[in-house]
Amino acid sequence: MGCGGDREKGPTEQSQKWDYITLSDFKSTSSWNTLAYMWLWFMALVSVAVYAADTFTAVNLLAFNHWTSKIEPVLDIKYSRWIFAGCIIFSWALSAVEWIRAIRVIRRGGVAESYMDPVAVSLQSMRPKGWRRFLVFSALTKSKKGTDYIAFFVYFEFKGAVRVILAEGPRQVINGMTLYAAAKSDLFGGAMKDHSSIESFWLNVQTMFDTSKVQAITMLTMLFTATIWVFSAICLIAAAVFYITFIWHYVPQSDGRLSIYCRRKIDKRLEKIVEVKVKAAIEEEDRLKRKAEQKAELKRQKTGELPPIAPKIARQPTLPQLGDTLDTKGDDKLPEFGLARQNTSTTVSTLPPYESRPPTRNEGGSLDRKPTLPDLGAPRPAPSRSGTQASDWSDASYASNAPLLSNAGYAGDVAEDMPSRPP
């Protein structure tokens, strides 16, 4: 699992932008929010002071080739001046890159994206309505899982690792050696064995303050920046230990990187916060509406007024309007045709006319016989029986093969002219 590459692609969703969030819905419920906000402003002022002191030191080293203290650094001045000045210039360049990136993040308007950038968090918290925005960041930080706090701690410490190691590390090492030399020096003219190293350092600073305030301020600035760097270095080391021993195995492989894991957590919290706030706003609006209705009802009961008549909703046609209207007239659209029922009696059929015999064509190609219908008013002819009157058989024959129809009689009767049966 990686730990860098937190650049997200694609546009930010509307529900995750500042425009979608009502800042007035966020209120402070703990004094820790106030202390954290004051600490943010304090660290911002300290950063400005440190950059001013570093710039003053770099100008003295490069432009005037002059060390602003009586206590020379342990490392030779021709080496320490370039290390000191190079670190300060690199720190300024790194700060410019961070500011440009933070301004781009702010212009995109994403809440989660701003939270993931430390400089953007500071700028968002210091702009108009910064206190409300800081409360949004505070709400995003809250979690019931301690592992999430560890993950975010590691993430933000790794974000500043380049500054701690490369931009501040070398010159703070020189500052530490210079402070150690100041603790071992004897500028106040007293016996070193009667005082500890810490007491000797403060006595030397007091002596420098009496002789040259600039030297004393420079020494105190070196002490302050070195102390902050020591705490930053300790936090970075702790973050590295947490990452190797815990975060490496805790973050799911589907996320791939620690930055994606933290972004996913922030997006889920933001969706939940927005959902809760929107639901609470809707409930509050309904409550105020019901309260206003109850108040109006009580007023009507006291004054005897009748309740207002509910407005009748006019029934609107449900069929679309196919003709031109004022809204559609003149638009660059295809013409619309209405539906019209044609006269079926005059409809031209696509089938040829029926005829009793196949049509013939003359030279001009037109039909020479018109279709006719049978005359139903003529009398019907009487049916005639055919086949039996013209038969070749004779009814006077009494042969074995003579027809029996003419000699047939009723059952049980005996004809008189019938011959007798032979014995």
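For the structure itself, consult the block above.
Quick caveat, the model's predicted, so the values are computed rather than measured.

Asker: Just checking my understanding: could you explain the overall build of the protein chain for this structure?
Answerer: Helices and strands together make up the secondary structure of the protein chain, namely 11 helices and zero strands. Reading the secondary structure of the protein chain in the N-to-C direction produces α-α-α-α-α-α-α-α-α-α-α. Roughly 31,400 Å² of accessible area belongs to the protein chain as shown, and the carbon and sulfur atoms make up 61% of that amount.

Asker: Help me understand the packing of aromatic side chains, please; the structure alone is not making it clear to me.
Answerer: Throughout the structure, instances matching the rule amount to 15 aromatic pairs. The ring centre of Trp18 lies 4.8 Å from the NZ or CZ of Arg133, which sits over that ring.

Asker: Even after reading the chapter, I still don't get the packing of helix 4 (residues 118-126) against helix 5 (residues 130-141), so can you show me in this structure?
Answerer: Working note: a packed helix pair is described by the angle between its axes plus the distance between those axes. Their axes nearest at 6 Å, the elements helix 4 and helix 5 cross at an angle of 140°. Between helix 4 and helix 5, the interaxial angle falls into the category oblique. Between helix 4 and helix 5, the residues in contact are Val121, Gln124, Ser125 and Met126 and Gly130, Trp131, Arg133, Phe134 and Phe137, respectively. Residue classes in the contact of helix 4 with helix 5 are distributed as five nonpolar, three polar and one charged.

Asker: What am I meant to see in the side chain of Gln172 here?
Answerer: Position of Gln172 relative to the elements: it lies in helix 8 (residues 169-184). Given a relative accessible area of 4%, Gln172 falls into the buried group. A polar contact is formed between the side chain of Gln172 and the backbone nitrogen of Ala226, at a distance of 3.2 Å. Leave out the neighbours within four places in its chain, and Gln172 touches Met222, Thr225, Ala226 and Trp229.

Asker: In this structure, what is going on with the pattern of salt bridges? I would like to understand it.
Answerer: Pairs may arise between side chains of opposite charge once their charged atoms sit close together. Following the criterion strictly, the structure yields five salt bridges and no others. Taking the shortest distance from any N to any O, the salt bridge between Glu98 and Arg163 comes out at 3.2 Å. Placement of the pair is Glu98 in helix 2 (residues 77-108) and Arg163 in helix 7 (residues 161-167), with a sequence separation of 65 residues. Arg163 matches Glu98 in its accessibility class, with the two residues each being buried. Residue Asp117 pairs with Arg101 through a salt bridge whose shortest N-O separation is 3.5 Å. On the criterion of sequence distance, the pair formed by Asp117 in the loop between helix 3 (111-115) and helix 4 and Arg101 in helix 2 is long-range, its members being 16 residues apart. We classify Asp117 as buried; its relative accessible area is 5%.

Asker: Looking at this model, I keep getting lost on the environment of Ile266. Mind explaining?
Answerer: Of note, Ile266 is situated in helix 11 (residues 258-303). Residue class for Ile266 comes out buried when judged on its relative accessible area of 0%. Sequence separation between Ile266 and Ala112 is 154 residues, and the spatial gap between their C-alpha atoms is 6.1 Å. When residues no more than four places from it in sequence are discounted, the contact partners of Ile266 are Ala112, Tyr115, Met116, Leu140 and Phe152.

Asker: So what exactly am I meant to see when it comes to unusual backbone geometry here?
Answerer: Among all residues save glycine, negative phi is the norm, and among peptide bonds the norm is trans. Located in the positive-phi region is Lys129, a residue other than glycine, with phi close to 60°. Tracing the backbone shows Lys129 in the loop between helix 4 and helix 5. When its relative accessible area of 60% is taken as the criterion, Lys129 is described as exposed.

Asker: Teacher, can you tell me more about the nonpolar core here?
Answerer: In globular proteins that are soluble, nonpolar side chains generally tend to be buried together. In terms of nonpolar packing, the biggest core is built from 28 residues, with Leu140 and Leu258 touching the most fellow members. Counting 10 residues, the second largest nonpolar core, distinct from the first, contains Ala183, Val205, Met208 and Met219.

Asker: Would you explain helix 6 (residues 146-159) in this entry?
Answerer: For an α-helix the count is 3.6 residues per turn, leaving residues at separations of three or four pointing the same way. With 14 residues, helix 6 should cover 20 Å at 1.5 Å per step; its first-to-last C-alpha distance of 20 Å lies within 8% of that length. Along helix 6, the residues classified as buried are Thr147, Asp148, Ala151, Phe152, Val154 and Tyr155. Angular distribution of buried residues about the axis of helix 6 spans 160°; they occupy a single face of the element. Looking at the packing, one finds that the buried side of helix 6 touches helix 3, helix 10 (213-250) and helix 11.

Asker: Help me understand a nonpolar patch on the surface, please; the structure alone is not making it clear to me.
Answerer: A cluster of nonpolar residues, Leu75, Tyr79, Ile83, Val173 and Met177, forms a patch on the protein surface that exposes about 390 Å² of accessible area. Secondary-structure elements contributing two or more residues to the nonpolar patch are helix 2 and helix 8. Judged by its relative accessible area of 44%, Val173 is partly exposed.

Asker: In this structure, what is going on with the side chain of Ser91? I would like to understand it.
Answerer: On the secondary structure map, Ser91 appears in helix 2. Among the residues examined, Ser91 registers a relative accessible area of 3% and is labelled buried. In contact with Ser91, not counting residues within four places along its chain, are Tyr51, Arg163 and Ala167.

Asker: Would you take a moment to explain helix 11 for this structure?
Answerer: Helix length check: helix 11, at 46 residues, gives a terminal C-alpha distance of 67 Å against a target of 68 Å (1.5 Å per residue), a fit within 8%. Count one or two residues on from helix 11 and you reach Gly304, which has phi positive near 80°.

Procedures and definitions
- Residues numbered from 1 in each chain as written.
- Predicted model: local features only at pLDDT ≥ 70, side-chain atom pairs only at ≥ 80, totals over all residues.
- Heavy atoms only, no water.
- Helix = DSSP H or I, 4+ residues; strand = E, 2+ residues; numbered from the N terminus.
- Areas by Shrake-Rupley, 256 points an atom, 1.4 Å probe, with all protein chains shown as cover.
- Phe/Tyr/Trp six-rings, centres within 6.5 Å; stacked < 30°, edge-to-face > 60°.
- Lys NZ or Arg CZ within 6 Å of the ring centre and 35° of its normal.
- Axes fitted to C-alpha atoms, helices over the stretch in contact; angles between N-to-C directions.
- Parallel < 35°, antiparallel > 145°, perpendicular 65-115°, else oblique.
- Contact = heavy atoms within 4.5 Å.
- Nonpolar A, V, L, I, M, F, W, Y, C, P; charged D, E, K, R; others polar.
- Buried < 20%, exposed > 50% of the residue type's maximum accessible area, 1.4 Å probe, protein only.
- Polar contact = N/O pair within 3.5 Å; in protein donor to acceptor, adjacent residues only side chain to side chain.
- Salt bridge = Lys/Arg side-chain N within 4 Å of Asp/Glu carboxyl O.
- Core = buried A, V, L, I, M, F, W, Y, C linked by side-chain atoms within 4.5 Å.
- Expected span 1.5 Å × (residues − 1).
- Arc of directions from axis to C-beta.
- Patch = residues over 30% accessible without salt bridge, like charges linked within 9 Å, V, L, I, M, F, W, Y side chains within 5 Å.

Purely spatial values, then, with no claim about function.
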